[in-house]
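# Fold and contact review
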Amino acid sequence: MKQEEKSRITYEKILKAALAEFGAKSYDHASVRAMCSENNISKGLLYHHFKNKDELYLRCVTITFEKLIHELKDVDWESGDVKQKFDRMLVRRQAFFEKNPYEANIFFNAILQPPAHLQNDIRSIRQTYDDFCEAYYSRLLDMIRLRDSYTKDLALKYMMLSQELFNSHFQTKLRHTSDLDMIIKDHEIGLSQIFDLMLYGIADEHGEHKEHSSKI
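Residues numbered from 1 in each chain as written. Predicted model: local features only at pLDDT ≥ 70, side-chain atom pairs only at ≥ 80, totals over all residues. Heavy atoms only, no water.

This next bit is on the nonpolar core. Residues Phe22, Leu56, Tyr57 and Tyr137 are the most contacted members of the largest nonpolar core, which totals 58 residues. For this core, the leading source of residues is helix α4 (residues 53-72), giving 10 residues. (Core = buried A, V, L, I, M, F, W, Y, C linked by side-chain atoms within 4.5 Å. Buried < 20%, exposed > 50% of the residue type's maximum accessible area, 1.4 Å probe, protein only. Helix = DSSP H or I, 4+ residues; strand = E, 2+ residues; numbered from the N terminus.)

Shown next as structure tokens:
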């Protein structure tokens, strides 16, 4: 076997071990020593391919976002209204996380509790995903007749801002519980509701309650 092939196999073995380690634990609790001992990898080989834990973690984050984007690019656009198209994307996203639990853990830890010293790096990595979401929302907005007081650019700005505020809300929740699975479930349900509110507001088509308006 040629040296290049051996090096590639070793590199992939290290990444597989890292995805499992970071996919089962947070960044802080993940251990390079555990990755090596549990997968029969020498530290020397690991540090030959990755200079430190940070670089290895960021590579796992990059792989996770790339795999998710690739999965979401194939969402069907041929049928359904705007809300159904958005929910279809969420269903695909949820299916991806269920099928890839390690990537789910890495994704939500990177989004909701990124290591403080790596926040800028993670923000740079997730930019491609944010750009994908923005393009997706933009395409959905093209299907909607907006109120006169809103431009598409303004609506898109508020949708992206709402997504970030929504993530911040779950960052706070995560400080009070270690149940990431519950947080993920609530996050995905809530994201659909937030999108629904952004599109249609909180008032139904009849506006105020009749009994309330009659008392004014």
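A word on the packing of aromatic side chains. In total, this model carries 14 aromatic pairs according to the counting rule given. Plain terms: the ring middles of Phe107 and Phe108 are 5.0 Å apart, the flat faces sit at 80 degrees to each other, and that makes the pair edge-to-face. In terms of burial, Phe107 and Phe108 fall into one category: buried. Feature note: the residues Phe65, Phe96, Phe97, Phe107, Phe108 and Tyr129 constitute an aromatic cluster, connected by ring pairs. (Phe/Tyr/Trp six-rings, centres within 6.5 Å; stacked < 30°, edge-to-face > 60°.)

Glancing now at the pattern of salt bridges. The tally for this structure, following the rule as stated, stands at 10 salt bridges. Residue Arg126 pairs with Asp130 through a salt bridge whose shortest N-O separation is 3.1 Å. Through salt bridges with shared partners, a single network forms among Glu5, Arg8 and Glu12. (Salt bridge = Lys/Arg side-chain N within 4 Å of Asp/Glu carboxyl O.)

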